[in-house]
Structures are given as C-alpha cells and as structure tokens.
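Per-entry structural report
Letter by letter, the chains look like this.
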Amino acid sequence: MKYQIKETKDLTEKEIEHILLLWDISAWNTMKSAYFRTFFKDSEFHFMLDTDENILAVIRVNFDFTLKIAGTSYSFAEAVGLVSTHKKKGYGTALVRNFKENAIQRNKDTIGFCHSDLRPFYEKCSIEILHDKAKMIKESIGSEWVNSEDDDILIFNASQETKELLNQLSAQNNAYLITKE
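Report follows, based on the coordinates. (Residues numbered from 1 in each chain as written. Predicted model: local features only at pLDDT ≥ 70, side-chain atom pairs only at ≥ 80, totals over all residues. Heavy atoms only, no water.)

1. Observations regarding the pattern of salt bridges
For the coordinates displayed, the defined rule picks out 11 salt bridges. Residue Glu7 is joined to Lys9 by a salt bridge in which the shortest nitrogen-to-oxygen separation is 3.7 Å. According to the relative accessible area criterion, Glu7 is partly exposed, its value standing at 42%. Classification of Lys9 by relative accessible area gives exposed; the value is 57%. The salt bridge involving Glu44 is made with Arg106; its shortest N-O contact spans 2.7 Å. One end of the pair, Glu44, is in strand 2 (residues 43–49); the other, Arg106, is in helix 3 (residues 91–106), and 62 residues separate them in sequence. Through salt bridges with shared partners, one network takes in Glu7, Lys9 and Asp10. (Salt bridge = Lys/Arg side-chain N within 4 Å of Asp/Glu carboxyl O. Buried < 20%, exposed > 50% of the residue type's maximum accessible area, 1.4 Å probe, protein only. Helix = DSSP H or I, 4+ residues; strand = E, 2+ residues; numbered from the N terminus.)

Printed below as a string of structure tokens:
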C-alpha cells in the first residue's frame, strides 16, 4: 500500500468518479469532474493506493472550516469523507494513521467528527476523541441553529489550547459552524 496526497485540481477523471462512487451520496452521484473541482476547491485528498494505483481508502481535508466559540472564530482543517473500498482489510486504519502523521508533521490543527458507534475504530487508530462534544456544535439550517448530528470530535492534531477550547464546549458554551455565503 502507498500513501498519497493530491490537491483537488490534480485529481484524474477516474479518481473523481471512484471517490464519488465510494462516497455514494445521491445528490453528488451525477456530479461532473469540473464541478467537483470547483465544489471541493478548498480541499485536499489523502489516499491509500494499491500497487496498481487503485484507491483503497480516501479521506478529504476541508481547509474552509471555521467554528465561532464565545465570539471568536477559529479555523481548522476538517477531516471528512473517510471511506474504504473494502471493510475489515486495514485500508482505513492505514490511511487514518498516515493522515494523522501528516497532520502532525504539518502542524495544522486538524479535527474530524464521528458518531459514537465509530469510537472503537478511531481508538484502534490512536485518535484522541472528545466524547459527545460534536453535539455542542450548532449548524445553520435555514433560519435555525441546530445541533450537529455527530457525537464526537476527533483530534488528529491540535495544540493543548485548542483541545481545551473544544473540550469546554457545552450546552451553555456552544460552537457555531460559520459557512461562507
């Protein structure tokens, strides 16, 4: 297996098709590669590849992710869209471990989110988990602020101050996802 990173603009048509197939999100299934490159322009893709350069696992890094906490905006790299071609083969685990090492080497605050049923997977990958803290993040849906559907915040790399900031999230101290118009 080989670990590889590509910017969105460097993805091949075949890679984009494969990523969309793996993600299997109905609203994106017919997305054309030109639109994909525009839609994910602030992203980077991390892969585990086999010897023939076929994708075994992929994770996307969203560099356009900001949380407002107590009136201050904090930007993070957000890890999303982790998926493997086959379950229980170790591809996702290998990718997460390589990805974490890369985030540490680049010294970029990098977080992700998961549902509680995925805790054992991330624990096996030695990812620090802030239990039930993702629920304290509010997202704007129409004119309302609603709680995130995720349970936990995953820490791939973060300073002690950032971890403490995120760990202090509560029903009385929410974070708000800031999206660009």
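2. Here we look at the pairing of strand 10 (residues 175–178)
Residues Ala175 and Leu177 line the buried face of strand 10, whereas the alternating positions Tyr176 and Ile178 sit on a face that is not buried. In this structure, strand 3 (residues 55–69) lies alongside strand 10, joined through 4 bridges in antiparallel fashion. The residue of strand 10 that forms the bridge with Leu67 is Leu177. Bridge count between strand 7 (residues 137–141) and strand 10: 2 bridges; the pairing is parallel. Bridge pairing in strand 10 places Lys138 opposite Tyr176. (Pairing = 2+ DSSP bridges.)

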